[in-house]
Amino acid sequence: MICTLKKKISILVVAGIIFAVSGLALYLTFPSIMDSQIRKKLIVKEGSQSYKYWKDVPVPIYIHFYFFNITNREEIWDFTNKPVLEEMGPYTFRESREKVNITWNENGTVSYKQIRRWYYQPDRTNGSLDDIVTTLNVPMVAAALSGKQMNEDMVFFALEEIFSSLNCTWFVQKPVRELLFEGYDDKLMQIAKTFMHLPYDKFGWFYKVSK
């Protein structure tokens, strides 16, 4: 009976030592093993598991646009009140990302160009792309700020004459679709194109970005 008890105790002690050593070894080696496996999975190369997810993102990406409609532009112009803003949106678009011209370099890196496109999602939108927004006349504000930085009387005089002749106002009313991607014609930009190189013929926050 005593011999059997001693054997059981010995077995338990040995088993405990084995488990302790194994646990310690696993504790010391597991991080490096895990890191190695993760690195193998994350390597971007043709045929790898991560490559297809890198090339074509399977998870849908949505972008939400909000506008702040100015409801009291006359009071602002007359300096009788602070701006009163009305939040509009979100106007939701699904974004797709396509990687093209993929080149595998000798130094282990990859080069590519990414084309992003946006698709309107009316079911996720609060409102319509035809909603009219009263907002700042950005081209006019930009021209005024540029003139202020130059700080020359002739520039101020020229800008004042141009603003007056074009009947420019500090606020514009435009539909959401034009403020975002479609853009809208602006006389001030047309005149500016005769003096300097402008990459766009219309103004819109994301005009000609969706390619």
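Residues numbered from 1 in each chain as written. Predicted model: local features only at pLDDT ≥ 70, side-chain atom pairs only at ≥ 80, totals over all residues. Heavy atoms only, no water.

(A) Seen up close, the overall build of the protein. When helices and strands are counted, the protein shows seven helices and five strands. Counting from the amino terminus, the protein carries its helices and strands in the arrangement α-α-β-α-β-β-β-α-α-β-α-α. The buried share of the protein, taken over its 211 residues, is 23%. For the protein, restricting intrachain contacts to residue pairs at least 6 apart in sequence, the fraction spanning at least 24 positions comes to 60%. Of the roughly 15600 Å² of accessible surface on the protein, 60% is carried by carbon and sulfur atoms. (Helix = DSSP H or I, 4+ residues; strand = E, 2+ residues; numbered from the N terminus. Buried < 20%, exposed > 50% of the residue type's maximum accessible area, 1.4 Å probe, protein only. Contact = heavy atoms within 4.5 Å. Areas by Shrake-Rupley, 256 points an atom, 1.4 Å probe, with all protein chains shown as cover.)

(B) A look at the environment of isoleucine 191. Within the secondary structure, isoleucine 191 sits in helix H7 (residues 187-195). The partly exposed category is assigned to isoleucine 191, whose relative accessible area is 27%. As a C-alpha pair, isoleucine 191 and isoleucine 162 span 29 residues in sequence and 9.1 Å in three-dimensional space. Dropping the residues within four chain positions of it, isoleucine 191 is found in contact with Ile162 and Leu166.

(C) Main features of the sheet that holds strand S1 (residues 61-70). One open sheet holds the three strands; their spatial order is S1-S2-S3, and the pairing between them is antiparallel. Edge positions in the sheet fall to S1 and strand S3 (110-120), since each of these pairs with one other strand and no more. The sheet shows a mean angle of 35 degrees between the axes of neighbouring strands, taken without regard to direction. Pairing analysis gives ten bridges linking strand S2 (residues 85-104) to S3, with the strands arranged antiparallel. In the strand pairing of S3, glutamate 95 is matched with tryptophan 118. (Pairing = 2+ DSSP bridges. Axes fitted to C-alpha atoms, helices over the stretch in contact; angles between N-to-C directions.)

Such coordinate-based values are descriptive only and should not be taken to indicate function.
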